[in-house]
Amino acid sequence: MAEEDNYTKDGTVDYKNDPADRNKTGTWKACPFILGNECCERLAYYGMSSNLLLYFTNQLNQHSASASKNLSIWSGTCYVTPLLGAFLADAYLGRYRTIASFSIIYVMGMTLLTLSASVPGLRPTCHKKDECTATNPQIAVCYVALYLVAFGTGGIKPCVSSYGADQFDDADEVEKGHKSSFFNWFYFSINIGALVASSVLVWIQVNIGWGWGFGVPAVAMAVAVGFFFSGTRLYRNQKPGGSPLTRLCQVVVASLRKRRVAVPEDKSLLFETSDAEAAAIVGSRKLDHTTEFRFFDKAAVEVQSDYNKESINPWRLCTVTQVEELKAIIKLLPVWATGIIFSAVYGQMGNLFLLQAEYMNTRLGNTTFKIPEASLSIFDTLSVIVWVPIYDQLIIPITRKFTGHKNGLTQLQRMGIGLFISIFAMVSAAVLEIVRLNIVKRHDSYDVKEAPISVFWQVPQYFIIGCAEVFMYIGQIEFFYEQAPDSMRSLCAALSLTTTALGNYLSAFLVTIVTEVSTRNGKPGWIADNLNHGKLHYFFWLLAVLSLHIGIEAMAEEDDLYTKDGTVDYQNNPANKTRTGTWKACPYILGNECCERLAFYGMSSNLVVYFKERLNQHSTTASNNVSNWAGTCYITPLIGAFVADAYLGRYWTIASFSILYVIGMTLLTLSASIPGLKPTCIDKNTCHATSGQAAVCFVALYLIALGTGGIKPCVSSFGADQFDDTDELEKNHKSSFFNWFYFVINIGALIAASVLVYIQMHVGWQWGFGIPAVAMAIAVVFFFSGTRLYRNQKPGGSPLTRICQVVIASFRKYNVQVPADKSLLYETLDAESAIKGSRKIEHTNNLAFFDKAAVDTQPDVKKAPINPWKLCTVTQVEELKAIIRLLPIWATGIIFATVYGQMGTLFVLQGLTMDAHLGKSSFEIPAASLSIFDTLSVIFWVPIYDRVIVPFARKFTGHKNGLTQLQRMGTGLFISIFSMLSAGILELVRLRYVKRHNYYELEQIPMSIFWQVPHYFIIGCAEVFMFIGQLEFFYEQAPDAMRSLCSALQLTTVALGSYLSTLLVTIVTKVSTRNGKLGWIPDNLNYGHLHYFYWLLAVLSVLNLGVFLLVAKWYTYKKPIGTLR
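Conventions adopted
- Residues numbered from 1 in each chain as written.
- Predicted model: local features only at pLDDT ≥ 70, side-chain atom pairs only at ≥ 80, totals over all residues.
- Heavy atoms only, no water.
- Helix = DSSP H or I, 4+ residues; strand = E, 2+ residues; numbered from the N terminus.
- Buried < 20%, exposed > 50% of the residue type's maximum accessible area, 1.4 Å probe, protein only.
- Contact = heavy atoms within 4.5 Å.
- Areas by Shrake-Rupley, 256 points an atom, 1.4 Å probe, with all protein chains shown as cover.
- 1 Å grid on protein atoms, 1.4 Å probe; cavity = no way out; pocket = protein on both sides within 12 Å on 5 of 7 lines; lining within 4 Å.
- Points joined across faces, edges and corners; volume = space filled by probe spheres on them.
- pLDDT = per-residue confidence, 0-100.
- Patch = residues over 30% accessible without salt bridge, like charges linked within 9 Å, V, L, I, M, F, W, Y side chains within 5 Å.
- Salt bridge = Lys/Arg side-chain N within 4 Å of Asp/Glu carboxyl O.
- Disulfide = S-S within 2.5 Å.
- Phe/Tyr/Trp six-rings, centres within 6.5 Å; stacked < 30°, edge-to-face > 60°.
- Expected span 1.5 Å × (residues − 1).
- Arc of directions from axis to C-beta.
- Core = buried A, V, L, I, M, F, W, Y, C linked by side-chain atoms within 4.5 Å.
- Axes fitted to C-alpha atoms, helices over the stretch in contact; angles between N-to-C directions.
- Left-handed = near helix turned anticlockwise from the far one by under 90°.
- Nonpolar A, V, L, I, M, F, W, Y, C, P; charged D, E, K, R; others polar.
- Pairing = 2+ DSSP bridges.

**Student:** Would you mind showing me how to read the overall build of the protein chain here?
**Tutor:** Secondary structure summary: the protein chain contains 34 helices and 12 strands in total. Its C-alpha atoms give the protein chain principal-axis dimensions of roughly 130 × 80 × 50 Å. Taken over 1125 residues, the protein chain has a buried fraction of 58%. Sequence separation of at least 24 residues holds for 83% of the intrachain contacts in the protein chain that already meet a minimum separation of 6. Just so you have it, the protein chain exposes about 45,000 Å², and 64% of that area is on carbon and sulfur atoms.

**Student:** Can you help me understand empty space enclosed by the protein in this one?
**Tutor:** In this approach, a probe sized like a water molecule rolls over the atoms, and the result shows the empty space that is left. The final tally for this structure, using the stated rule, is 9 cavities of 30 Å³ or more. Counted as a void, the largest cavity has a volume near 520 Å³. Lining of the largest cavity is provided by 32 residues; of these, Y601, S604, Y900, G901 and G904 occupy positions nearest its centre. Those elements that provide at least two residues to the lining of the largest cavity are α18 (582-604), α20 (619-633), α23 (728-762), α28 (893-901), α30 (932-957) and α33 (1043-1072). If you tally residues by element for the lining of the largest cavity, the top one is α23, at 5 residues.

**Student:** Is there a simple way to explain the confidence of the model for the protein chain in this structure?
**Tutor:** The predicted coordinates ought not to be read in detail in places where the model reports low pLDDT. Averaged over all residues, the pLDDT of the protein chain equals 84, while 94% of them reach at least 70. Note on residues 551-559: pLDDT is under 50 here. Beyond four places in sequence and across chains, it has 15 contacts.

**Student:** Could you clarify how one ought to interpret a nonpolar patch on the surface in this entry?
**Tutor:** Residues V386, I390, L394, I398, F402 and F463 make up a contiguous nonpolar surface patch of roughly 530 Å² in combined accessible area. When you line up the elements, I390 lands in helix α13 (residues 378-403).

**Student:** Sorry if this is basic, but what is going on with the state of the cysteines here?
**Tutor:** All chains considered together, the criterion is met by 2 disulfides. Between the sulfur atoms of C126 and its disulfide mate C132 the distance is 1.9 Å. Across the S-S bond of C126 and C132 the torsion is about 100°, and the bridge reads as right-handed. With relative accessibility at 2%, the residue C132 sits in the buried group. Each sulfur of the disulfide joining C681 and C687 lies 2.0 Å from the other. For the disulfide bridge between C681 and C687, the dihedral angle about the S-S bond is near 100°, and by the sign convention the bridge is right-handed. The connectivity of the disulfide-linked cysteines in the protein chain, indexed sequentially, is 1-2, 3-4. Not part of a disulfide, C714 finds its nearest cysteine sulfur in C1046, a span of 12 Å. Judged by its relative accessible area of 0%, C714 is buried.

**Student:** Help me out: how do you make sense of the packing of aromatic side chains in this one?
**Tutor:** How two aromatic rings sit relative to each other is set out by the distance from centre to centre and by the angle between their planes. Across all of its chains, the model carries 68 aromatic pairs by this definition. Their ring planes at 50° and their centres at 6.0 Å tell us that Y163 and F228 sit as a pair that is tilted. Residue Y163 is located in helix α6 (residues 157-165), and its partner F228 is located in helix α8 (residues 210-230); the two are separated by 65 residues in the primary sequence. The class for Y163 is buried, based on a relative accessible area of 1%. When its relative accessible area of 2% is taken as the criterion, F228 is described as buried. For the pair F611 and F698, a centre-to-centre distance of 5.3 Å together with 35° between the ring planes defines the contact as tilted. Remark: F698 occurs in helix α22 (residues 691-720) and F611 occurs in helix α19 (residues 607-613); sequence separation between them is 87 residues. Judged by relative accessible area, which is 0%, F611 ranks as buried.

**Student:** Please explain helix α9 (residues 244-257) as it appears in this structure.
**Tutor:** The α-helix advances 3.6 residues per turn, and as a result positions three or four apart in sequence lie on the same side. Counted at 1.5 Å a residue, the expected span for α9 with its 14 residues is 20 Å, and the 20 Å between its end C-alpha atoms agrees. Turning to α9, its buried residues number three or more, namely P244, R247, L248, Q250, V251, A254 and S255. One side of α9 carries all its buried residues, which in axial view fall inside an arc of 155°.

**Student:** Please explain unusual backbone geometry as it appears in this structure.
**Tutor:** Note: most peptide bonds trans; most residues except glycine with negative phi. Backbone geometry at N61 places phi at a positive 60°, although glycine is not the residue there. With respect to the secondary-structure elements, N61 resides in the loop between α2 (52-59) and α3 (64-78). Located in the positive-phi region is D444, a residue other than glycine, with phi close to 50°. The topology assignment puts D444 in the loop between α14 (411-443) and β6 (451-454). In this structure D444 comes out as exposed when scored by relative accessible area, which is 60%.

**Student:** Looking at this model, I keep getting lost on the pattern of salt bridges. Mind explaining?
**Tutor:** Pairs may arise between side chains of opposite charge once their charged atoms sit close together. The tally for this structure, following the rule as stated, stands at 19 salt bridges. As a salt-bridge pair, R247 and E325 come within 2.9 Å of each other at their nearest N and O atoms. Placement of the pair is R247 in helix α9 and E325 in helix α10 (residues 320-337), with a sequence separation of 78 residues. The partner of R597 in a salt bridge is E593, with the nearest N and O atoms 3.9 Å apart. Of the two residues, R597 and E593 both sit in helix α18, 4 residues apart, roughly one turn of that helix. Like R597, the residue E593 is buried in the burial classification.

**Student:** Help me understand the nonpolar core, please; the structure alone is not making it clear to me.
**Tutor:** Side chains of a nonpolar character, in soluble globular proteins, are inclined to be buried together. M603, Y610, F611, W629 and F1093 are the most contacted members of the largest nonpolar core, which has 153 residues in total. When residues of this core are assigned to their parent elements, the largest contribution, 14 residues, is made by helix α32 (residues 1013-1036). Contacts of F1093, omitting those with residues within four sequence positions, involve Q902, L906, S1061, L1064, V1065, V1068, W1080 and I1081. Judged by nonpolar contacts, the second largest core, of 149 residues, contains I34, Y143, L248 and M488.

**Student:** What am I meant to see in the packing of helix α1 (residues 27-49) against helix α4 (residues 82-116) here?
**Tutor:** Angle between the axes and distance between the axes: these two values describe a pair of packed helices. Interaxial distance between α1 and α4 falls to 12 Å at its minimum, and their mutual angle equals 35°. In terms of crossing hand, the pair formed by α1 and α4 is left-handed. Residue-level contacts link E41, R42, A44, Y45 and M48 of α1 to Y106, M110 and L113 of α4. Each residue belonging to the contact of α1 with α4 can be placed in one class, and the counts come to 6 nonpolar, no polar and 2 charged.

**Student:** Sorry if this is basic, but what is going on with the side chain of D297 here?
**Tutor:** Among the structural elements, D297 can be located in the loop between α9 and β3 (307-308). According to the relative accessible area criterion, D297 is buried, its value standing at 1%. Excluding residues within four positions of it along the chain, D297 makes contact with V263, L270, H289, T290, V323 and K327.

**Student:** Just to check I follow, could you spell out the pairing of strand β11 (residues 1005-1008) for this structure?
**Tutor:** Looking along a regular strand, one sees the side chains alternate between the two faces of the sheet. Burial along β11 is one-sided: I1005 and M1007 are buried, while P1006 and S1008, pointing the other way, are not. Note: strand β10 (residues 914-915) against β11, 2 bridges, orientation parallel. Across the sheet, M914 pairs through a bridge with I1005, a residue of β11.

**Student:** In this structure, what is going on with helix α5 (residues 136-153)? I would like to understand it.
**Tutor:** The end-to-end C-alpha distance of α5 is 25 Å, a good match for the 26 Å that 18 residues give at a rise of 1.5 Å each. Along its buried surface, α5 packs onto α1, α2, α3, α4, β2 (131-133) and α6.

Structural data, given as structure tokens:
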């Protein structure tokens, strides 16, 4: 397994075509060569093209409109040729060889262009600096060179960004997290090249000569090629997957051939390869079936004519993955189309912005130094360089707080904002042109080329476009890479680049139309050769209106606004990420839990004393009654969990059972305060309760036990439901939620064990029970207040029924052989499971007997619908396996719960025999209040665990949470042993003190109760490890539609721990009181051997820890697949 982890899981290979070693290839160690190549290539491209319009007008002597149109067509071609390069990369050569071979053509084109501008006979003949003529052959050589460059760049543009992203393994969450950062730095390196090009190289072209102006970019391109080849040994390469266009055509043809064939309702019947992971397409993972564009599903419907001599005809039958590739491309097209107008706007920097600048003052202040018009694009580059870190360090953290998205904005939201910002670039350019023409008119300088207005007034429009780029283009690069099928990433990158081509063609088309219409009747037109007679601002207004028409609403990524784990809001609509869940919903859940726990512990912490002193029960009877009631409080959650998972959902279960809880608390308060219901007391500690009074008390208590049964298993899971499992950022907060959940439990317990226990002992039981009743009412109000913010999981139907179906189906097929290829087991083909509210679960190899339930035999599918008592899905089988795998871990929690339960029973009885005075004062601390030190221990250890233990352990384990959930639980079990040792040692010391001073008849011996603090504090520490780890473990490992049931299962360890404590006390009492002996736990503990009982629990804890270690080593973690809507 360790050796397998050395290699990438996304199918990449190294330069020798061997599986890529993740330690030796890819990631940031390979990226400098790719980024260096891109920086130099972009320096070459922009250095050659930024000022090309002026080369056409001044050197080739073309008219403004013709030069603008020729430049737009050439620029467009540079963004159409990537379709050819992408096709070759995805189908045959792979990205590495495509970049390498097309780079050679690029260098040839750059070299020829340099020669055409420097060698006599090839270069234009110039009479003055800007008055040149070029023969047709000279123009032809120039265009041949330019279109060689356009062809060469066609193999680089679509491949290099995708090739860089390929260096990060999609299957590794840590590497995948760096991918978004790579795209930012990729665009950053582009603009470093552009910065040098638009400043240094443009100045060289204008002031030194075009030979040098094109020669330096040619050298830069040669350096780019050198950079690229230098990293060969470090690269990870995706294998080409065959012709993507052929596969797309096959789906279309097969769908049309089967246009009359019905698509089955059960999508698992659609054709797919049997391999569990890889698709039939080389270099591609399988894609889940989606419900859009259902017509194309017909291509994956199997009919007899699809098979030709036992082989499949791919023009008649396609795999689901192949169909989903076509759907993915179709879904990209509307987003792609909205980028065309932006590209038309962006293209004006190298086009009409330059023409506008020619008619402005280009001097730097009062000096004679003139800034080349094309050099103004440096402010676009500087804008990008400024906005990339601002976006990363400022915009993302701020927007993340509002959207909850890990990247602040989704890719489409980011692109939409870029489109919106670009409108203001055109508005700025139009306003500037109006101002410029007014100055020309005022000074009557129509025939003067330089108007008295500084060219630096163009800076805002360049700067705004740079800002728009950071949003639009980087978002577009990442979006088209992420949404592309694995084997079509170069093609989709090329598709995104064609927006630039079409933007340029649209610009040329608009210029042609505008010129044609606006020059009628002898008018100079909008874009006249002398712009002082034109109306260029009308063209800018036109682009602004077209940009506005696209609208930011068209870019709303509805799909990413909603959770992918199947949760809904209070109106039963898909849960909106920005309006529901996460930490905005948690305060209501945590507030509810804090008040509910205050009520529960405030009522129960001192209950053994109430039974003993008010109901006049013996120590053993009182202890057993408390244990039985407490156990019931942890058994009833099985009822609540079943109701929540099967029918009501967690929200309505908590809401309805809370009402029962309040009724029980109210009745308990009445039973302790109303004459006739409350026990009759002769003095403070001598009371008598009738059978009727005791019955009312127990009815109230068991109503509370029933009420808490709907809250305990649901509230922690309901809180965790507020974080989307499919969103890594939200998922990372889930572990933190469980820590704070347990923290607020102990805040409630702290108040209960201090204030409320004191009130019960010194003010009265009516107040001691009344205040918890009010607290519970407040808890209910807290819960309902957050209704609009909650995310709710839909109930998935009876989990017990599904478990029984798997068991029965397995036994019915006990003679059936399970196939070696587990992909042949029955499962729905849709991304979602057949179980409502549940994702699919990946098949596991253990407990293989139950796989028989998913073996698809002919009788199972002969008639529709499928009988679930004969054939179950793999997910349904894995649900049962998950429960079975949890049981041994669950069982090891029972002994810990027995140890934990002593705080409310024997620790209290032990405390009642000790001096409860605070120092030398007359103030007595109730024995039950010592549990405050358990609570303080938890409050102390939770932040210590989070801030110290987790980072420290992470250095050694490499696990993101420091310890796994099982390691955390094991540590808690180990620590709990010492609490029993501490209690046993204290009791041994206490009894020796009694014996030494003959204090047998004293109710309280002169030995401070604070000697109990260590074992309370140790149990608190053990809780932080065991109980919080257990909460998180049972939630995470539970099947999606059984999370309440598994939370209840976890809570039953507390019930069984209480029952085990009762059983042990009963057995110990029966055995130890033979022959007239007083036993280990007599009414007067001074005559007993309570330490023997603590030693017994310590020994059981040691044995339990050993069993846990064996079970934990055997455990297999659950692996969910896909998402939910």
